[in-house]
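# Understanding the architecture of this molecule
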Amino acid sequence: MLREIYVRPAGLMAASVAKPAAEVRGGFRLAEGWLEFTALDILERNGAGVDRRLAGLGEFFEKDWGRRTANAADMFQNLMAPRARIAGLSFDRPRLMGIVNVTPDSFSDGGAHDTTAAAIAHALQLAADGADILDIGGESTRPGAKPVLLAEELSRVIPVIEGLAGRTNALISIDTRKADVMTRAAKAGVDLINDVSALMHDPGALDAVAAIDLPVVLMHALGDPRTMQDAPTYDHVLLDVFDFLEARIEACRRAGIALNRLLVDPGIGFGKTLAHNLELMAGLSLFHGLGCPLLVGASRKRFIGTISGVEAAADRVHGSVAAALAAVTQGAQIIRVHDVKATRQALDVWMAAVTGKASEVRAGEARQ
Ligand code: 7PM
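In this report, the structure presented in the accompanying data block is examined. Nothing here was measured: the structure is a model prediction, and the numbers come from that model.

Calculation rules
- Residues numbered from 1 in each chain as written.
- Predicted model: local features only at pLDDT ≥ 70, side-chain atom pairs only at ≥ 80, totals over all residues.
- Heavy atoms only, no water.
- Phe/Tyr/Trp six-rings, centres within 6.5 Å; stacked < 30°, edge-to-face > 60°.
- Helix = DSSP H or I, 4+ residues; strand = E, 2+ residues; numbered from the N terminus.
- Buried < 20%, exposed > 50% of the residue type's maximum accessible area, 1.4 Å probe, protein only.
- Pairing = 2+ DSSP bridges.
- Axes fitted to C-alpha atoms, helices over the stretch in contact; angles between N-to-C directions.
- Parallel < 35°, antiparallel > 145°, perpendicular 65-115°, else oblique.
- Left-handed = near helix turned anticlockwise from the far one by under 90°.
- Contact = heavy atoms within 4.5 Å.
- Nonpolar A, V, L, I, M, F, W, Y, C, P; charged D, E, K, R; others polar.
- Salt bridge = Lys/Arg side-chain N within 4 Å of Asp/Glu carboxyl O.
- Core = buried A, V, L, I, M, F, W, Y, C linked by side-chain atoms within 4.5 Å.
- Domains from an automatic or database assignment.

## Section: the packing of aromatic side chains
Counted according to the given criterion, the structure contains five aromatic pairs. Between F28 and F37, the aromatic rings sit 5.9 Å apart at their centres with planes inclined by 45°, giving tilted as the arrangement. Seen in terms of ring centroids, F242 and F287 are 6.4 Å apart; in terms of plane orientation they differ by 25°. Their pairing is stacked. Of the two residues, F242 sits in helix 7 (residues 237–255) while F287 sits in the loop between helix 8 (274–282) and strand 11 (295–296), which places them 45 residues apart along the sequence. Through a chain of ring-to-ring contacts, three or more aromatic side chains come together here, namely Y6, F242 and F287.

As structure tokens, then:
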């Protein structure tokens, strides 16, 4: 059953850190984070289309929408509910996930040992730069990419996970779609799982994650990486992605994976046109209605190149930082990035400037 009505927190502004959460005036604090919302963007499915309008909080509460108000009551509750810690990480401020690709082509100098050593060194550098989470991936999920065999993927990621054990305070996540990689990575000590297929690619993934008992990122992708960019279409991308994630949360619940272990991600670039990516970025705060931390990965992606006319991915750092700030100003709790140092600097300065309070953390100090 599709929802009829959806509420997206709007009129977002930095919450004053001087006031306790209960005393926030004029708005409600979003997920006990750094923002408060002062209005609601109300989206209503209407046949094949969607009606959309902005309502003040007073108007939302006073107007009797009968059955339809009840239809969005759970979303509204989720906006204010605190977010569970994930592997000990709190979400009172934005967190950074640093990308560690362990694919031979990302470290061009050759052999398996060199690749492992280079990936570990890169991961430790990202942690020193301010990453809260290190995302280790051995399978390229880039549009058009071919699958990687299980043995090959394991031989890439497990030595890196083992090599990082005890050498960093950052959490370690495994970016994989394979149940066996999830299970082996869990044994090697990872803290969370990141699956771009939202546990749909491997029929054993739901049960594997339930048994492993680790948190998991559910990301939306339209179809398989090989074909996902072939003319993707949606009824309404923002609501369709919301419905997909809500259905995956329900599938997890049935498999024994509770909401407090889940994170959600709209999957920027995964089966999306430029217009789709921008509609998702502009409407990101909708996903807080799902009640779990929101992760966004826009770093160096094609849409940034398209907007700015920059072909080389490595030259998209400035646009990527802007996209990270756009996500954080919609309350996204985790930003997945290549350029941790640049993004960390931007987020720290943005937070200090809008809250009027500098973080106690200084360069070189532990950030956890
Ligand atoms: C080439 C193009 C290689 C794109 C890799 C990519 C996400 C992710 C990726 C994301 C989550 C990248 C992507 N993107 N996991 N894995 N969210 N949760 O840019 O947006 O790293 S792969």
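## A closer look at unusual backbone geometry
For E32, which is not glycine, the phi dihedral falls at a positive 50°. Within the fold, E32 resides in the loop between strand 2 (28–29) and strand 3 (35–46). The backbone phi angle of A87 is positive, close to 45°, even though this residue is not glycine. On the accessibility criterion, A87 (36% relative accessible area) is partly exposed.

## Topic: the sheet that holds strand 6 (residues 133–137)
By way of backbone hydrogen bonds, the strands of a sheet pair with one another, either parallel or antiparallel. The parallel open sheet is built from eight strands, whose spatial order is 10-9-8-7-6-5-12-11. Since the sheet does not close on itself, it has two edges, and those belong to strand 10 (262–265) and strand 11, each with one partner. Direction of pairing for strand 7 (residues 171–175) relative to strand 8 (residues 192–195): parallel, over a ladder of three bridges. Along strand 8, the bridge assignment pairs I174 with I193.

## Quick look at the packing of helix 5 (residues 179–187) against helix 6 (residues 205–212)
Here helix 5 crosses helix 6 at 15°, and the two axes come no closer than 9 Å. For the element pair helix 5 / helix 6, the angle class is roughly parallel. For helix 5 against helix 6, the interelement crossing comes out right-handed. Here helix 5 contributes A179, M182, T183 and A186 to the contact with helix 6, which in turn contributes A205, A208, V209 and I212. For the contact of helix 5 with helix 6, a count of residues per class yields seven nonpolar, one polar and no charged.

## Digging into the pattern of salt bridges
Tallying each qualifying case throughout the model produces 20 salt bridges. Of the charged contacts in the structure, one is a salt bridge between E246 and R3, with a shortest N-O distance of 2.6 Å. With a gap of 243 residues between them, E246 in helix 7 and R3 in the segment before strand 1 (5–14) connect regions that are remote in the sequence. Judged by its relative accessible area of 27%, E246 is partly exposed. For R336, the salt bridge goes to D175, with nearest N and O atoms at 3.2 Å. Pair noted here: R336 is in strand 12 (residues 334–337) and D175 is in strand 7, with a separation of 161 residues, a long-range link. A single salt-bridge network, built from bridges that share partners, covers R95, D132, R344 and D348.

## What about the nonpolar core?
By size, the foremost hydrophobic cluster in this structure holds 90 residues, and its most contacted members are L40, L134, I136, I161, L199, L218 and F287. Examining the composition of this core, we find that ten residues originate from one element, helix 7, more than from any other. Two domains each donate at least three residues to this core, and these are domain 1 (5–80) and domain 2 (95–355). Ranked by size, the runner-up nonpolar core spans eleven residues in total, among them I133, L171, L192 and L295.

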